[in-house]
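Breakdown of the fold
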Amino acid sequence: VQLQASGGGLVQAGGSLRLSCAASGLTFSNYGMAWFRQAPGQEREFVSYIRWSNGRTSYADSVKGRFTISRDNAKNTVYLQMNNLKPEDTAVYYCAAEQWGPSRTTITPGGMHYWGKGTQVTVSS
C-alpha cells in the first residue's frame with residue numbers, strides 16, 4: 001500500500017493550497033481517509049476525515065469553515081482544500097487510511113492502518 005501526498009508549499013497568510021493524496025495497493029472505496037498534521041515539537045493532530053460509506057466529513061475545530069476534504073474514488077485520491085491559511089497551520093500534513101473506518105468516535109493516529117510520507121505546508125505572516 002502506498003499513499004503519496006502532494007501539494008504542499010509556502011503561502012502567505014490568507015492564501016490557499018490544495019493537498020492531494022493518491023492511494024495505491026488497496027481498495028480505496030473501502031477506506032476512510034484522513035488528514036493529520038504535525039508541527040515541530042508537537043504531537044500529530046487530527047485535521048479532517050471522510051468516511052468510506054457515505055462520504056460524511058469531520059473536521060478539527062481549528063480548521064472548520066476553512067478546510068474541505070473530498071475524495072474521488074475513481075482516481076483513488078483524497079483532497080484537502082485549505083483556504084484562509086494561518087501561520088498556525090504550518091506543519092507537515094499526512095494522509096492516512098483506515099479500512100471500514102472510522103472505528104472510533106474520536107479519530108486518532110493510532111486508529112489508522114496506513115500512512116503517507118507527508119507534505120510540508122508553511123504559512124508566512
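A short tour of the structure in this document, coming up. From a predicted model like this one, the values you see are computed outputs, not experimental measurements.

1. Things to note about the overall build of the protein
Along the protein, the regular secondary structure elements total zero helices and eleven strands. Written out in order from the N terminus, the α and β elements of the protein read β-β-β-β-β-β-β-β-β-β-β. The C-alpha atoms of the protein give a radius of gyration of 13 Å, which matches the 14 Å a tight globule of 125 residues would have. In terms of overall dimensions, the protein has a C-alpha envelope of 40 × 30 × 25 Å along the principal axes. For the protein, with 125 residues in total, the buried portion stands at 45%. Here the analysis covers contacts within the protein between residues at least 6 apart in sequence; of these, 58% occur between residues at least 24 apart. In the protein, the 12 positive side-chain charges and the 7 negative ones have mean positions that sit 6 Å from each other.

2. Remarks on empty space enclosed by the protein
According to the stated counting rule, one finds one cavity of 30 Å³ or more in the structure shown. Here the largest cavity defines a volume of roughly 30 Å³. Residue lining of the largest cavity: Glu98, Pro102, Ser103, Arg104, Thr106, Ile107, Thr108, Gly111 and Met112, and that is the complete set. Per-class residue counts for the lining of the largest cavity are three nonpolar, four polar and two charged.

3. Topic: the pairing of strand S5 (residues 45-50)
With five of its six residues buried, S5 lies for the most part within the structure. In the sheet, strand S4 (residues 31-38) pairs with S5 via five bridges, with the strands oriented antiparallel. Along S5, the bridge assignment pairs tryptophan 35 with serine 48. Relative to strand S6 (residues 57-59), S5 runs antiparallel, the two sharing three bridges. Considered in S6, the bridge of serine 48 is made with tyrosine 59. Between S5 and S6, which follow one another and run antiparallel, lie six residues, and glycine 55 among them has a positive phi close to 75°.

Cut-off values and rules
Residues numbered from 1 in each chain as written. Predicted model: local features only at pLDDT ≥ 70, side-chain atom pairs only at ≥ 80, totals over all residues. Heavy atoms only, no water. Helix = DSSP H or I, 4+ residues; strand = E, 2+ residues; numbered from the N terminus. Rg over C-alpha atoms; globule rule 2.2 N^0.38 Å. Buried < 20%, exposed > 50% of the residue type's maximum accessible area, 1.4 Å probe, protein only. Contact = heavy atoms within 4.5 Å. Lys, Arg positive; Asp, Glu negative; His and termini not counted. Charge placed at Lys NZ, Arg CZ, Asp CG, Glu CD. 1 Å grid on protein atoms, 1.4 Å probe; cavity = no way out; pocket = protein on both sides within 12 Å on 5 of 7 lines; lining within 4 Å. Points joined across faces, edges and corners; volume = space filled by probe spheres on them. Nonpolar A, V, L, I, M, F, W, Y, C, P; charged D, E, K, R; others polar. Pairing = 2+ DSSP bridges.

Geometric values such as these leave the question of function open.
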